[in-house]
Amino acid sequence: MAQHLSSFMLPVFRTLNTLPKSQFFRFASTTGPIDPLVQSLFDGIYRRDRVSLARSITLVESLHPKKRQQGRQLVEAILSKQRDQSEIPSFRIGLSGPPGTGKSTFIEVFGKMLTDSGRRVAVLTVDPSSAITGGSLLGDKTRMTLLARDMNAFIRPSPTGGTLGGVTRSTNEAILLCEAAGFDIVIVETVGVGQSETAVADMVDLFLLLIPPAGGDELQGMKRGIVELADIIAVTKADGDLEDAAKRIQSEYMSAVRITRRKSVSWKPRVMRMSSRTKAGIDDLWKKIEEFRKVTQESGDLLRKRTEQRRVWMWKYIENDLMSLFYNDERVKKQIHRFEEQVQRGELSPGTAADMILAIFLNTAHADENC
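Since we're looking at a predicted model, the values are computed, not measured. (Residues numbered from 1 in each chain as written. Predicted model: local features only at pLDDT ≥ 70, side-chain atom pairs only at ≥ 80, totals over all residues. Heavy atoms only, no water.)

Student: In this structure, what is going on with unusual backbone geometry? I would like to understand it.
Tutor: Phi is mostly negative for residues that are not glycine, and the peptide bonds are mostly trans. Residues other than glycine seldom take positive phi values, yet R48 does so here, at roughly 65 degrees. The topology assignment puts R48 in the loop between α2 (36-46) and α3 (50-61). Classification of R48 as partly exposed rests on a relative accessible area of 48%. The backbone of K237 shows a phi angle near 55 degrees, a positive value even though the residue is not glycine. Mapped onto the elements, K237 comes out in the loop between β6 (232-235) and α9 (243-258). (Helix = DSSP H or I, 4+ residues; strand = E, 2+ residues; numbered from the N terminus. Buried < 20%, exposed > 50% of the residue type's maximum accessible area, 1.4 Å probe, protein only.)

Here it is, written out as structure tokens:
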């Protein structure tokens, strides 16, 4: 159990049973009469109403206690309905790549190809939030103008809100909402490639990594971990003057994946090249994705992965909620700035200050329980 929690939150978790139940606004029961708003959104989602879907995603993204409870009730209602389904309702594709790879261009071309063939495509994009203002540009939708106008597609940009992992806190729930609304392909685009942009692999069926036709220093930022997570690696912009470079990079990565530890015994990672401008290789990529889906379904890997992902996200929610309880504790809020100043002046080490402020938080919990 302890391996799922950061060392910072472990002592908090060990005293979890001492916390007053009134603090657990998110853990309140979702049983009982369904909220009228939740019922309205639930009905709208299953009517495939896009406005209801957008409002529902806004609800699960909210940090307001009442709205979070409504969002939780909505997700539980959808999960209850999905338990009666014998087949997996959709296929989830995670997409990542360094800036300038052409992720948005690829999604538009790829998405249009899918909608033209009769599929319904939901795209969940994540934009980084400013460390200064907390705001986000949310400009991905403006770069997919054709797909944004397609009635068989749904594009939802969301801010990270400071969440690490390349996805938002509520991306996993947004995927469930899109599936309930009848979208059979859900694409999740992360903010980029970095050390932490790997959480998306814990919520999708296939992880697609896009890389540019460049080498040397430009690819040094590609962390080994994210390459090892990829089920398919696609070299982009394989046209014109860059076609030879794309072939060279493809060859290099084909050699690399041969010595990389495989995630699954049923699937060996593929390395392909494509061009969103000429659309060369896009159809071949989709065939490989369909092959992956068929192979992992027949082997049982797809079902096992989704089962494990639910457990992983349970622990992520636990850690996020414990952090929320910590930051919203009144005594912590009153004293944490004093500790920050002492650390900045060199009067306390960061580790000692952390221990002391955690002690205040835990003592507060004990005091509240005894009141």
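Still more to cover.
Student: When you look at the pairing of strand β5 (residues 206-211) in this model, what are you seeing that I'm missing?
Tutor: Walk down a regular strand and you will see the side chains alternate between the two sheet faces. Burial analysis of β5 places 6 of its 6 residues in the buried class, the great majority of the element. Inspection of the sheet shows β5 paired to β6 by 4 bridges, in the parallel sense. When the sheet's bridge partners are listed, L210 is paired in β6 with A234. (Pairing = 2+ DSSP bridges.)

Student: Can you walk me through the pairing of strand β4 (residues 185-189) in this structure?
Tutor: Burial analysis of β4 places 5 of its 5 residues in the buried class, which makes it a mostly covered element. Judged by which residues are buried, β4 turns out to be covered on both faces: I185, I187 and E189 on one side and V186 and V188 on the other are all buried.

Student: Is there a simple way to think about α9 in this case?
Tutor: In an α-helix, one turn spans 3.6 residues, which is why side chains three or four residues apart end up on the same side. The end-to-end C-alpha separation of α9 is 23 Å, in line with the 22 Å expected for 16 residues at 1.5 Å each. All of the buried residues along α9 are A245, A246, I249, Q250, Y253 and V257. Along the axis of α9, the buried positions cluster into a sector of 135 degrees, meaning they face one direction only. Relative to its buried face, α9 has exposed residues pointing more than 90 degrees away, namely D244 and R258. (Expected span 1.5 Å × (residues − 1). Arc of directions from axis to C-beta.)

Student: Even after reading the chapter, I still don't get the side chain of D301, so can you show me in this structure?
Tutor: Here D301 lies in helix α11 (residues 301-327). One polar contact links D301 to S266, side chain to side chain, over a distance of 2.5 Å. A polar contact is formed between the side chain of D301 and the side chain of R304, at a distance of 2.4 Å. (Polar contact = N/O pair within 3.5 Å; in protein donor to acceptor, adjacent residues only side chain to side chain.)

Student: What is the right way to read the environment of S324 from this model?
Tutor: Here S324 is to be found in helix α11. Residue S324 is classed as buried on the basis of its relative accessible area, which comes to 16%. Residues S324 and L63, 261 residues apart in the sequence, show an inter-C-alpha distance of 9.9 Å.

Student: What exactly am I supposed to notice about the packing of α3 against helix α4 (residues 65-82) here?
Tutor: Axes are the key here: two packed helices are described by the angle between their axes and the distance separating the axes. The N-to-C vectors of α3 and α4 enclose an angle of 120 degrees; their axes lie 7 Å apart at closest approach. What the angle tells us is that α3 and α4 run oblique. Crossing of α3 over α4 shows left-handed handedness. Across the interface between the two elements, S56, L59 and V60 of α3 pack against K67, Q70, G71, L74 and V75 of α4. Partitioned by chemical class, the residues of the contact of α3 with α4 number 4 nonpolar, 3 polar and 1 charged. (Axes fitted to C-alpha atoms, helices over the stretch in contact; angles between N-to-C directions. Parallel < 35°, antiparallel > 145°, perpendicular 65-115°, else oblique. Left-handed = near helix turned anticlockwise from the far one by under 90°. Contact = heavy atoms within 4.5 Å. Nonpolar A, V, L, I, M, F, W, Y, C, P; charged D, E, K, R; others polar.)

Student: So what exactly am I meant to see when it comes to the nonpolar core here?
Tutor: Generally speaking, soluble globular proteins have nonpolar side chains that are buried together. Counting 44 residues, the largest nonpolar core has L53, I57, L74, L124, L177, C178 and I233 as its most contacted members. The biggest single contributor to this core is helix α7 (residues 171-180), with 6 residues. What C178 contacts, discounting residues up to four positions off in sequence, is L53, I57, A122, L124, F154, F183 and V186. In this structure, I107, L208, M272 and I282 belong to the second largest nonpolar core, which totals 29 residues. (Core = buried A, V, L, I, M, F, W, Y, C linked by side-chain atoms within 4.5 Å.)

Student: Can you walk me through the confidence of the model for the chain in this structure?
Tutor: Detailed reading of the predicted coordinates is not advisable wherever pLDDT falls low. Confidence in the prediction of the chain, expressed as mean pLDDT, is 81, and 76% of residues score 70 or more. Across residues 14-29, where pLDDT falls below 50, the model places 31 contacts with residues more than four positions away in sequence or in other chains. With pLDDT under 50 throughout, residues 162-166 is counted as low confidence; its partners more than four residues away or in other chains account for 14 contacts. (pLDDT = per-residue confidence, 0-100.)

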